[in-house]
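A look at the structure
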Amino acid sequence: LLESANALILGIDRSWRITVCNRALLELTGFGRDEILGRDVRDFISSDQRQYLTSAFAAALLGQHHTAVTVALPTRHDGPVRTVWSIAPVGRVGAVGGPVDAVVAIGQDQSKIEALQQQVVRAERLATLGELAAGVVHELNNPLTSITVYAEYLVRKLESQGAEPPDIEKLRRIGASAQRILRFSRDLVQYARPSGREHESVDLAAVVRQSVSIFEHLVERGGIELVVDVDPELPVIQAVAGQLEQVLINLITNAVHAIEGSDNKDKAGRVVVRAAVESPSTVLLEVADSGNGVTEQDQAKIFEPFFTTKPDGKGTGLGLPIVRGIVEQHRGEITVGRSDLGGATFRVILPAL
Ligand SMILES: Nc1ncnc2c1ncn2[C@@H]1O[C@H](COP(=O)(O)OP(=O)(O)O)[C@@H](O)[C@H]1O
Ligand SMILES: [Mg+2]
């Protein structure tokens, strides 16, 4: 039980010798068990923390509990890791004041705690934003739909009546603007309120086919080559098919935009969508393109909501945040890097079990 716990567990005896250390602790620090067991715990404490920690351990040996003790834990290969510990006496025989046999310390990796806290904060912010956005979008939807439909109708009518082209153009812009607001508000709701639908058995090959089919007109127009590479051995995974399609559609849309905005207009644009078995327990969805790629500075920002480098009206900066939200809901991971095609590669790794 101790051994397989997620928490870091350390036991020391009355003479400060380490008598227990579990696997989580060894994994985090990179030390072997034989390098730790039997050693004096004070050897692992940096000099600036020595006084503070020795007094916490000494107090535990006298029967007191200490919580929220922060320790810069040394590791074998990297620098120290920030951890937070509770230190408690064990083996007190009989009533208060009995002898303490040993001290046990239970710790957590601080960076893990911080990541969880951030997730909670983000979830809360999104919940509020989601309610608000859903309400606003609901109100906007009907009038905006009327505007686009009537604008289209009038464009056709004026065209057939031979009206002045500048007037027709103005009307067309009214329709296009309304459509832009519609698209943005739908993205906003998608981002803020990802539908929490049940996971079901999903055939990834079908998801890829469905997502790619939306881009067929681009291929037919001949501007961009879209290559699809699906591993026939792909397992069925538990997921929400519609959401995975959304992931691919957003990534492919970005790839297409990247190619359209590429410096090198002569070279044929290329997008490669790949679905493969990544490991026995994970699958990979990958979208690579031959655009300009993402600069290293931008790599940290592109998953932030509303970050966009696209001209007004083309980008909302919500595509990748939506993608990341969906991937996280599927307990997966997304990374961005350079592709062999010269542009960007987005890799989504999903658990297959
Ligand atoms: N395939 C890609 N190649 C180059 N840059 C990309 C790619 N995908 C995304 N980006 C960058 O990330 C930004 C954010 O993307 P996204 O969240 O989808 O918002 P949007 O597409 O509306 O701008 C884009 O504006 C672009 O700068
Ligand atoms: Mg986008």
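Rules used in this analysis
Residues numbered from 1 in each chain as written. Chains lettered and ligands numbered in written order. Predicted model: local features only at pLDDT ≥ 70, side-chain atom pairs only at ≥ 80, totals over all residues. Heavy atoms only, no water. Helix = DSSP H or I, 4+ residues; strand = E, 2+ residues; numbered from the N terminus. Contact = heavy atoms within 4.5 Å. Pairing = 2+ DSSP bridges. Axes fitted to C-alpha atoms, helices over the stretch in contact; angles between N-to-C directions. Parallel < 35°, antiparallel > 145°, perpendicular 65-115°, else oblique. Left-handed = near helix turned anticlockwise from the far one by under 90°. Domains from an automatic or database assignment. Buried area = accessible area lost by both parts, 1.4 Å probe. Salt bridge = Lys/Arg side-chain N within 4 Å of Asp/Glu carboxyl O. Near = heavy atom within 4 Å. Polar contact = N/O pair within 3.5 Å; in protein donor to acceptor, adjacent residues only side chain to side chain. 1 Å grid on protein atoms, 1.4 Å probe; cavity = no way out; pocket = protein on both sides within 12 Å on 5 of 7 lines; lining within 4 Å. Sits in = over half its atoms within 2 Å of the grid points. Points joined across faces, edges and corners; volume = space filled by probe spheres on them. Nonpolar A, V, L, I, M, F, W, Y, C, P; charged D, E, K, R; others polar.

Here's the deal with the environment of Pro 74
Positionally, Pro 74 belongs in the loop between β3 (66-73) and β4 (81-90). When the C-alpha atoms of Pro 74 and Thr 295 are compared, they prove to be 34 Å apart, with 221 residues separating the residues in sequence. Beyond its immediate chain neighbours, meaning those up to four positions away, Pro 74 contacts Thr 29, Phe 31, Phe 44 and Pro 80.

Structural notes on the sheet that holds strand β7 (residues 224-230)
Either a parallel or an antiparallel arrangement is found when strands of a sheet pair, and the pairing is made through backbone hydrogen bonds. An order of β7-β9-β10-β12-β11 is seen for the 5 strands of this open sheet, with the pairing classed as mixed. One side of each edge strand has no neighbouring strand; the edge strands of this open sheet are β7 and β11 (333-338). The average undirected angle you get between the axes of adjacent strands in this sheet is 15 degrees. Bridge count for β7 against strand β9 (residues 269-279) is 7 bridges, and the pairing is parallel.

Topic: the packing of helix α4 (residues 110-161) against helix α5 (residues 165-192)
In contact at an axis separation of 7 Å, α4 and α5 are set at 160 degrees when each is read in the N-to-C sense. By the angle between their axes, α4 is roughly antiparallel relative to α5. Note on packing geometry: the crossing formed by α4 with α5 is left-handed.

Things to note about the domain arrangement of the protein
Here the protein is partitioned into domain 1 (8-109), domain 2 (116-192) and domain 3 (200-351). Between the C-alpha centres of domain 2 and domain 3 there is a distance of 24 Å. Contact residues are listed per partner, giving 8 residues for domain 2 and 12 residues for domain 3. Taken together, the two surfaces of domain 2 and domain 3 that pack against each other cover about 950 Å², and 58% of this comes from carbon and sulfur. For the domain 2 face of the interface with domain 3, the top three residues by lost area are Arg 122, Gln 190 and Tyr 191, together amounting to 50%. In this structure, the connection of domain 2 to domain 3 is made through 0 salt bridges.

Regarding the site of ligand 1
Surrounding ligand 1, one finds 20 residues, the nearest of these being Asp 289, Thr 308, Thr 309, Lys 310 and Thr 316. Contact between ligand 1 and Asn 254: an oxygen atom at 2.8 Å from a side-chain N or O atom of the residue. Here an oxygen atom of ligand 1 and a backbone polar atom of Gly 319 are 3.3 Å apart. Placement of ligand 1 is best described as lying within the largest pocket. Secondary-structure elements contributing two or more residues to the shell around ligand 1 are α8 (241-260), α10 (319-329) and β12 (344-351).

Let's talk about the layout of surface pockets
Roughly 1300 Å³ of volume is contained in the largest pocket. If you go around the largest pocket, you meet 45 residues; those closest to its centre are Asn 254, His 257, Lys 310, Lys 314 and Gly 315. Among the secondary structure elements, those contributing two or more residues to the lining of the largest pocket are α5, α8, β10 (282-289), α10 and β12. Its boundaries defined by the atoms lining it, the second largest pocket holds a volume of some 330 Å³. Residue lining of the second largest pocket: 13 residues in total, with Arg 122, Ala 123, Leu 126, Gly 325 and Glu 328 positioned closest to the centre. Of all the elements in the fold, those that place two or more residues in the lining of the second largest pocket are α4, α5 and α10. The residue inventory of the lining of the second largest pocket, partitioned by class, reads 7 nonpolar, 3 polar and 3 charged. Among the domains, domain 2 (116-192) and domain 3 (200-351) are the pair contributing at least three residues each to the lining of the second largest pocket.

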